[in-house]
Every structure is written in C-alpha cells, then in structure tokens.
Amino acid sequence: MAIQWFPGHMHLTRKAIAERIKDIDVVIELLDARLPGSSANPLLAEMTGHKPTLKVLNKQDLADPTRTPLWLDWYNAKLETHAIALDASDAAPARKLIDGCRVLAPNRQGLSRPMRVLICGIPNVGKSTLINTLSAKRQAKTGDEAGVTKQEQRIVLADDFYLWDTPGMLWPRIIVDQSGDRLAATGAVGRNAYDEEVVALDLLMYLKQHYAADIEARYKLGLEVEDIAALHDDELLEKIARKRGAVMSGGKLNMQKAAEIVLTDLRSGVLGRISLETPAEFEGWLAEAAVKEEARAVKKAEWDKRKQRKDASRERRREP
C-alpha cells in the first residue's frame, strides 16, 4: 500500500504559503540530499512556480558524494532555478543561501527594497537547524521527529533580508510509490503512517544492490558483497537481527527491532553516506507513475459514466 501522510496542520501550511507567496521574492526549497527528487514537493512547485527558486540539497554530509553533483546539474538545468548543496551544521557554507537569493533577485536589497524569502521543505529536512545556524541563535525549534515546526515563523537574517520559515509539508497524495518508501525511510513521514518492517525491507532491497559494502561494514555479517546482493530482503534483515541481538525469548527474531535498527542507522548516517536515488532512476519512477495515473483517470471516468447512467435510469423509473 502506498504511503500517505497529510495531517491537518499541513492543510493550514498550504493556506499560509498561498497567502504569503504573493509578497515573496525568492523561494528556498530545502531538499534531502539523499533523495533530492522524492523530497521535492510537487504541490509547492504548483503554488510557487512563478517565483525564482533556490533548491538546497541539505544534509549533503549524509549523501553519496558521487551522486550529489548529478542532482545539482539536474536542478541547475531548470529555468529560474539555482541549486546548491549544504550541511546545515556548517556555518560557513550556510551563508551561500543569502548569496544564492541575491543572484536570483539582484534588485531586492537595501531597506527600501528588502529581500523577502520563503523557506519550505518536507518535514524533518533540517529547516529549523539551518535557520538557527544562519541567525546564530536558536530561533526555531528542532527535533528528530517529522512535524516539529507547527506554525510560520519570521526570521530577520539582516536588516534587508527577511526569511519566513514554514512548517514541513508533504502533499495530499504521493503518486510515486518509491518516493513514499524513501520519505518514510528517512523520517519525513509520521510513524503512524507506515509499517517500519516493510519500509526497512524496501530500503534493504535497494541498499544491497548499491551499497552492499556499507551493509557489511556496519553489521559485520561476514559476507562478500556479491553474497549480500544475492540475499532475499527478508534473509538480510534476519541476519542483521541475529548480529545485532534482536532476539526475543525462545530464540525468535525480533524483526520489528531489527527494522528500527536499520532505519535509525540510515537516518543517523552511521550506515554510511548513502543516496537513495539518481536523477535517471527518479525520472523512470515518475514516468511509471504517470502511466498509472493515466490508467487511474480512465478507470475513474468510466466509473463516473456508469454511475451517471445508473442515476439517470433511477430517475426515469421514478417518473410517473
């Protein structure tokens, strides 16, 4: 089942962005550098598409350094878009945000024409940590859980640079199944919206093909890379459970605990510098999703027509 999560406060965030965007010069969208395609909000793109956008691949220190440049090139090739990569805990590169906004809106400076920036992103992408780094003090709440920031906050970064931080927002329906799985794996989705064991298995399916060496380095399974890649996802999670002592009374493996271990290791970065998609992979998933959406629309149209015919038939029978 596809993962979906759009709680009530996100509806309010959508309304707040729609109102605020009228007076904004540049939109900063923070993306997770481990999944720069899946963490881009299509709803946000729809709402702010006419504004210059700075795409920030945040948490680059957790992402595969060979894949991040591919994503920067992919985004920088788009119109009215500039992309940079940041580690929000590093104060020096964080200053690139202000410079990037100045490039996109060079005429917005000085007290008479201050720069007005809206910063958006999915939950738990690091917006609050980044804002605290930029402003040199804790103005925004931070946390490991999705959805810590609940309301809009105005941050003054300079006399002529105003930044509005919005709560993390997903979108009402995630049509790319792979994106839902990756968003859950990295902690952008509330825990009640997915099964951790299912998400961990999907994660391992990808990791064993692309990062088998990192799996061995972390869990010391005593296997060659080729052997790890050949394992079934369930078998791999079972081996990790045994190695990490996720065993209940009677010797039964605690697969839930093993899943939590894998997800925590990914989110904290101890599993290694890992990216969960490439531009080519993401474009392929988008194409597949578009085909499914088209088929879904056709099926819905046919269902609507049948319903209309049934309703019309009922009305005719009621006529005297």
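Bear in mind the structure is a predicted one, so any value in this text is a computation, not a measurement.

This next bit is on a positive patch on the surface. Taken together, the side chains of Lys-299, Lys-305, Arg-306, Arg-309 and Lys-310 present a region of like positive charge at the surface. Turning to its location among the elements, Lys-299 is positioned in helix α13 (residues 279-318). With a relative accessible area of 62%, Lys-299 lands in the exposed category.

In this structure the tally under the stated criterion is six aromatic pairs. Seen in terms of ring centroids, Tyr-162 and Trp-164 are 6.4 Å apart; in terms of plane orientation they differ by 85°. Their pairing is edge-to-face. Judged by its relative accessible area of 9%, Trp-164 falls in the buried class. Taken together through their ring pairs, the aromatic side chains of Trp-71, Trp-74, Tyr-75 and Phe-282 make up a single cluster. If you follow Lys-78 out to its NZ or CZ, it ends over the ring of Trp-74, 4.2 Å from the centre. Cation over ring: Arg-182 sits above Tyr-206, and NZ or CZ is 4.9 Å from the ring centre.

Turning next to the sheet that holds strand β6 (residues 161-165). The strand order across the open sheet built from six strands is β3-β2-β1-β4-β6-β5, with neighbouring strands paired in mixed fashion. Edge positions in the sheet fall to β3 (81-85) and β5 (153-158), since each of these pairs with one other strand and no more. Geometrically, the sheet is characterised by an average inter-axis angle of 25° between neighbouring strands, direction not taken into account. With five bridges joining them, strand β4 (residues 115-121) and β6 adopt parallel strand pairing. Across the sheet, the residue bridging to Val-117 is Leu-163, located in β6. Across the sheet, helix α5 (residues 96-104) lies against β1 (26-32), β2 (53-58), β3, β4 and β6, angled at about 155° from β2, the strand it touches most.

Moving on: the confidence of the model for the chain. Residues with a pLDDT of 70 or more make up 92% of the chain, whose mean pLDDT is 88. Here residues 143-150 is a poorly scored stretch, pLDDT under 50, and it has 22 contacts once near neighbours within four places are set aside; other chains count.

On to unusual backbone geometry, then. Of note, the phi angle at Glu-80 is positive, near 55°, even though the residue is not glycine. Residue position: Glu-80 is located in the loop between α3 (68-76) and β3. Even without a glycine there, the phi angle at Asn-124 is positive, about 65°. On the secondary structure map, Asn-124 appears in the loop between β4 and α6 (127-135).

Residues Ile-28, Leu-97 and Leu-183 are the most contacted members of the largest nonpolar core, which totals 79 residues. Other than its neighbours up to four places away in sequence, Leu-183 contacts Leu-35, Ser-38, Ser-39, Ile-122, Leu-170, Trp-171, Ile-174, Ala-188 and Val-189. If you look at the next biggest cluster of nonpolar residues, it comprises 15 residues, including Leu-57, Leu-72, Tyr-75 and Val-176.

This part covers the packing of helix α8 (residues 196-210) against helix α12 (residues 255-268). Packing of α8 against α12 brings their axes to within 8 Å, and their N-to-C directions diverge by 55°. When the axes of α8 and α12 are compared, the pair comes out oblique. Crossing hand, α8 versus α12: left-handed. Across the interface between the two elements, Glu-196, Glu-197, Val-199, Ala-200, Leu-203 and Leu-204 of α8 pack against Met-255, Gln-256, Ala-259, Glu-260, Val-262, Leu-263 and Leu-266 of α12. Looking at the contact of α8 with α12 residue by residue, the classes come out as nine nonpolar, one polar and three charged.

About the cut-offs
Residues numbered from 1 in each chain as written. Predicted model: local features only at pLDDT ≥ 70, side-chain atom pairs only at ≥ 80, totals over all residues. Heavy atoms only, no water. Patch = residues over 30% accessible without salt bridge, like charges linked within 9 Å, V, L, I, M, F, W, Y side chains within 5 Å. Areas by Shrake-Rupley, 256 points an atom, 1.4 Å probe, with all protein chains shown as cover. Salt bridge = Lys/Arg side-chain N within 4 Å of Asp/Glu carboxyl O. Lys, Arg positive; Asp, Glu negative; His and termini not counted. Charge placed at Lys NZ, Arg CZ, Asp CG, Glu CD. Helix = DSSP H or I, 4+ residues; strand = E, 2+ residues; numbered from the N terminus. Buried < 20%, exposed > 50% of the residue type's maximum accessible area, 1.4 Å probe, protein only. Phe/Tyr/Trp six-rings, centres within 6.5 Å; stacked < 30°, edge-to-face > 60°. Lys NZ or Arg CZ within 6 Å of the ring centre and 35° of its normal. Pairing = 2+ DSSP bridges. Axes fitted to C-alpha atoms, helices over the stretch in contact; angles between N-to-C directions. Contact = heavy atoms within 4.5 Å. pLDDT = per-residue confidence, 0-100. Core = buried A, V, L, I, M, F, W, Y, C linked by side-chain atoms within 4.5 Å. Parallel < 35°, antiparallel > 145°, perpendicular 65-115°, else oblique. Left-handed = near helix turned anticlockwise from the far one by under 90°. Nonpolar A, V, L, I, M, F, W, Y, C, P; charged D, E, K, R; others polar.

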